Amino acid sequence: MKAVVYEGKGGPEVIVTRELPMPVCTPDSLLVKVHASALNRGDVLQREGEYDIPAGQSTIPGIEIAGTVEAWGENVRGFTEGQRVYGVVEGGGFAEFCLLDRGMANLIPETIGFEEAAATAESFLTCNETLFELGGLAPGDHVLIHAGASAIGTTAMRMTLHAGARPICTVGSPRKAEALHAFGASAVIEYKTQDFLAEVLRLTGGEGVPLVLDFVGGAYLERNLRALRLGGCLVVAGLLDGLSAEIDLLLVVERRLRIKGSSLRLRPMREKREVNKRFRSRWIEPLERGEIRPVIYATHPIAEVAQAQHLMESHQNIGKIVIAVRDANGRMLL
């Protein structure tokens, strides 16, 4: 099969296409003919040599797919050849074929195409887990969402609105602020010209928010904690600004704050299956009814993975960057 691989680490020049052996079904997996995938920050970090692939996972980039079932292992039940499925995979998405664990496979609703399904897989699981399972978001709550124009950020904002809560999003430009206002954000803070802590306190009458969803880390830590109300929770799901920061433990103790971390890819499969099960129980029906959708900024054929990654690195995207692996007739685009 054809697949995108990284030969070494560095810039887009290490992205190449190679003929590789077809993946072989394990007892618990489905073999999927990939029609679409989507770009994630981890794909770029892997290319740069800044992300270590967990043991046993594919070194081919791409962690979410949508496609059709080709074959399955002996422990797999309930699927038929040609069924449209999508889900989070352990690498291998930027290829003609990919393995998808039986517990991570979701049927694509008739109202959704392959590209939209691929854009849903990872971000919806991550946001459901961070906002509701870890963060305990309730109707009427404010939540501060950093990187609000990213794929995860826009999904978190839409989930928050669907749940009857109020998203306050940070963005890096007036263009992104305008887009998020149009999507329905309760408030948008331009962090380059506004102090997000001061704005959060102003918007909440000095009380702070019950939940902060952070993908930045680093220097944001102290201000995130000060943005929380009494008993509030900070969920860290990304570390774009660094791996460490000083913390005022007295602030944590006095205000009874909670700090939680989340990473889907590092979890064992049994836990990933539970995460996917929680996603399905809450969001499959709203997705089928069209009540919520991922925000797709651009779609690139798989032959243009380098251009798609350059777009992500430029921080211009508002929403998900999708990778089309096959055209409408099922022909490979690589």
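The structure under discussion appears in the preceding block.
Bear in mind the structure is a predicted one, so any value in this text is a computation, not a measurement. (Residues numbered from 1 in each chain as written. Predicted model: local features only at pLDDT ≥ 70, side-chain atom pairs only at ≥ 80, totals over all residues. Heavy atoms only, no water.)

Engineer: Go over the overall build of the protein chain with me, naming the residues and quoting the values.
Structural biologist: Regarding its fold elements, the protein chain presents 9 helices and 15 strands. Taken over the C-alpha trace, the protein chain has a radius of gyration of 20 Å; the compact-globule value for 334 residues is 20 Å, and the two agree within 12%. Expressed along its principal axes, the backbone C-alpha trace of the protein chain runs to roughly 55 × 40 × 35 Å. Burial analysis of the protein chain (334 residues in total) assigns 53% to the buried set. Counting only contacts in the protein chain whose residues sit at least 6 apart along the sequence, the fraction spanning at least 24 positions is 68%. (Helix = DSSP H or I, 4+ residues; strand = E, 2+ residues; numbered from the N terminus. Rg over C-alpha atoms; globule rule 2.2 N^0.38 Å. Buried < 20%, exposed > 50% of the residue type's maximum accessible area, 1.4 Å probe, protein only. Contact = heavy atoms within 4.5 Å.)

Engineer: Let's hear about the pattern of salt bridges: which residues, and what values?
Structural biologist: Enumeration over the complete set of coordinates arrives at 21 salt bridges. Here Glu64 makes a salt bridge to Lys320, at a shortest N to O gap of 2.7 Å. Of this pair, Glu64 sits in strand 4 (residues 64-72) while Lys320 sits in strand 15 (residues 320-324), and the two are 256 residues apart along the sequence. Lys320 shares its class with Glu64; the two are buried. Here Glu96 ties to Arg326 by a salt bridge, and the two come within 3.6 Å at their closest N and O atoms. Placement of the pair is Glu96 in the loop between strand 5 (84-88) and strand 6 (97-101) and Arg326 in the segment after strand 15, with a sequence separation of 230 residues. Among the ionic contacts, a cluster of salt bridges with common partners joins Asp28, Asp101, Arg102 and Arg273. (Salt bridge = Lys/Arg side-chain N within 4 Å of Asp/Glu carboxyl O.)

Engineer: Give a detailed account of the pairing of strand 14 (residues 296-301), specifying residues and quantitative values.
Structural biologist: The pairing of strand 14 with strand 15 spans 5 bridges and is parallel. If you follow Thr299 over to strand 15, its bridge partner there is Val322. A crossover connection joins strand 14 to the parallel strand 15 through helix 9 (residues 305-313); in handedness this β-α-β unit is right-handed. (Pairing = 2+ DSSP bridges. Right-handed = clockwise from strand over helix to strand, strands pointing away.)

Engineer: Requested: an account of the sheet that holds strand 13 (residues 258-261), with residues and values cited.
Structural biologist: The strand order across the open sheet built from 6 strands is 10-9-8-11-12-13, with neighbouring strands paired in parallel fashion. The open sheet has two edge strands with one neighbour each: strand 10 (187-190) and strand 13. Each adjacent strand pair in this sheet contributes to an overall mean axis angle of 20 degrees, direction not counted. As paired strands, strand 8 (residues 142-145) and strand 9 (residues 166-171) are joined by 4 bridges and run parallel to one another. (Axes fitted to C-alpha atoms, helices over the stretch in contact; angles between N-to-C directions.)

Engineer: Before we move on, could you go through helix 8 (residues 269-289) and cite the residues and values that matter?
Structural biologist: With 21 residues, helix 8 extends 29 Å between its outermost C-alpha atoms, agreeing within 8% with the 30 Å of an ideal straight helix rising 1.5 Å per residue. In helix 8, a bend of some 50 degrees at Trp283 exceeds every other bend along the element, and Pro286, a proline, comes one to four places later. All of the buried residues along helix 8 are Lys272, Val275, Asn276, Phe279, Trp283, Ile284, Pro286 and Leu287. Of the surrounding secondary structure, the elements contacted by the buried residues of helix 8 are strand 5, strand 7 (106-107), helix 2 (114-134) and helix 3 (151-162). Remark: Gly290 follows helix 8 within two positions and exhibits a positive phi of approximately 80 degrees. (Expected span 1.5 Å × (residues − 1). Bend = angle between axes of the 7 residues up to and from the residue.)

Engineer: Residues and numbers for the nonpolar core, please.
Structural biologist: Core analysis: the largest hydrophobic core is formed by 83 residues, its most contacted members being Tyr86, Leu131 and Leu180. Of all hydrophobic cores here, the second largest spans 19 residues; its members include Ile168, Val212, Val252 and Leu257. (Core = buried A, V, L, I, M, F, W, Y, C linked by side-chain atoms within 4.5 Å.)

Engineer: If you had to explain the side chain of Asp43 to someone new, which residues and values would you point to?
Structural biologist: Among the structural elements, Asp43 can be located in helix 1 (residues 41-47). Lacking a salt bridge, the buried Asp43 has Arg265 as its closest oppositely charged neighbour, with an N-O distance of 5.4 Å. Among the polar contacts made by the side chain of Asp43, one reaches the main-chain amide nitrogen of Gly62 at a distance of 3.1 Å. Ignoring anything within four residues of it in the chain, the contact list for Asp43 reads Tyr6, Ala38, Pro61, Gly62, Phe94 and Gln309. (Lys, Arg positive; Asp, Glu negative; His and termini not counted. Polar contact = N/O pair within 3.5 Å; in protein donor to acceptor, adjacent residues only side chain to side chain.)

Engineer: Pulling in residues and values, what's your account of the packing of helix 2 against helix 8?
Structural biologist: The N-to-C vectors of helix 2 and helix 8 enclose an angle of 105 degrees; their axes lie 9 Å apart at closest approach. Judged by the inter-axis angle, helix 2 sits roughly perpendicular to helix 8. Residue-level inspection shows Thr120, Phe124, Leu125, Asn128, Glu129, Phe132 and Glu133 of helix 2 in contact with helix 8, the latter providing Val275, Asn276, Arg278, Phe279, Arg282, Trp283 and Leu287. For the contact of helix 2 with helix 8, the residue count by class is 7 nonpolar, 3 polar and 4 charged. (Parallel < 35°, antiparallel > 145°, perpendicular 65-115°, else oblique. Nonpolar A, V, L, I, M, F, W, Y, C, P; charged D, E, K, R; others polar.)

Engineer: Account for the environment of Ala237, with residues named and values stated.
Structural biologist: By the secondary structure assignment, Ala237 is in the loop between strand 12 (228-236) and helix 7 (249-254). Judged by relative accessible area, which is 25%, Ala237 ranks as partly exposed. For Ala237 and Cys127, which are 110 residues apart along the polypeptide, the C-alpha to C-alpha distance reads 9.4 Å. Ignoring any residue separated from it by four or fewer positions in sequence, one finds Ala237 in contact with Thr130, Asp214, Phe215 and Ser262.

By themselves, these observations are geometric and do not establish any function.
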